[in-house]
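Per-entry structural report
Residues per chain, in single letters:
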Amino acid sequence: MASSPALREVQRDLETQANALSKLQKDIAKNHQVRKQYTIQLGENELVLKELELLNENANVYKLIGPVLVKQDLAEANANVRKRIEYISAELKRLEGTLQDLEDKQNSKRDSVCTYLSPFLALVASRFVI
């Protein structure tokens, strides 16, 4: 059984590569979840901005801080919402770049798994040849 240690080594390498691929897939799923949350927040903030733009300068605007509504200047509220939108947009752009990087790594790792799979299958097949 000269192929047995070689088979175990290739199997161990294949498992290592498969585990790394699995971790990348989990990271991609997490990235998608975070992007989804930011996209929802962006939509909510854009809606708030549209509502603020409908108000006249004399309108009372209140901000919820804990259980208390605190009066806030319309210009200040408008600026805060715009800053939030800017921040969320920047985060979405950053997450998009991260996602692209993770997908590139995933494709590379998938190719690596396929590279390890061929010799592994050849060794397994050679053990069962009569």
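Residues numbered from 1 in each chain as written. Predicted model: local features only at pLDDT ≥ 70, side-chain atom pairs only at ≥ 80, totals over all residues. Heavy atoms only, no water.

- An unreviewed UniProt entry lists the protein under the name Prefoldin subunit 6, from Cocos nucifera.
- Turning to the protein, the UniProt annotation filed under Sequence similarities (unreviewed entry) states: "Belongs to the prefoldin subunit beta family." (UniProt positions renumbered as here; feature names shortened; annotations may be inferred.)

**Concerning the pairing of strand E1 (residues 61-65)**
- Strand direction decides the pairing type here: E1 and strand E2 (residues 68-72), joined by 5 bridges, are antiparallel. Pairing of Ile-65 across the sheet is with Val-68, part of E2.
- Counting the residues that bridge the hairpin from E1 to E2 gives 2 residues, and of these Gly-66 lies at a positive phi of roughly 65 degrees. (Pairing = 2+ DSSP bridges. Helix = DSSP H or I, 4+ residues; strand = E, 2+ residues; numbered from the N terminus.)

**Some points on the environment of Ile-28**
- Its location among the elements puts Ile-28 in helix H1 (residues 3-54).
- Here Ile-28 falls in the buried class, since its relative accessible area comes to 8%.
- On a C-alpha basis, the gap between Ile-28 and Ser-126 in space is 37 Å, while along the polypeptide they are 98 residues apart.
- Setting aside its immediate chain neighbours within four residues, Ile-28 contacts Leu-99, Leu-102, Glu-103 and Gln-106. (Buried < 20%, exposed > 50% of the residue type's maximum accessible area, 1.4 Å probe, protein only. Contact = heavy atoms within 4.5 Å.)

**Observations regarding the nonpolar core**
- Counting residues in each nonpolar core, the largest one holds 12 residues, listed as Tyr-38, Leu-42, Leu-49, Leu-52, Val-61, Leu-74, Ala-77, Val-81, Ile-85, Ile-88, Leu-92 and Leu-95.
- Elements represented by at least two residues in this core include exactly H1 and helix H2 (74-127).
- Top element by residues in this core is H2. It accounts for 7 residues.
- The contacts of Leu-42, once residues within four sequence positions are left out, are Ile-85, Ile-88, Ser-89 and Leu-92. (Core = buried A, V, L, I, M, F, W, Y, C linked by side-chain atoms within 4.5 Å.)

**Description of the UniProt feature "coiled-coil region" (unreviewed entry) in the protein**
- UniProt records the feature "coiled-coil region" (unreviewed entry) at residues 85-112, using the numbering of this structure.
- Along residues 85-112, the helical share is 100% and the strand share 0%, with 40 Å between the first and last C-alpha atoms.

**Observations concerning the environment of Asn-58**
- On the secondary structure map, Asn-58 appears in the loop between H1 and E1.
- As a C-alpha pair, Asn-58 and Leu-74 span 16 residues in sequence and 8.2 Å in three-dimensional space.

**Describing the side chain of Asn-31**
- Mapping Asn-31 onto the fold places it in helix H1.
- Residue Asn-31 is classed as buried on the basis of its relative accessible area of 6%.
- Each residue touching Asn-31, except ones within four places of it in the same chain, is listed here: Leu-95, Thr-98, Leu-99 and Leu-102.

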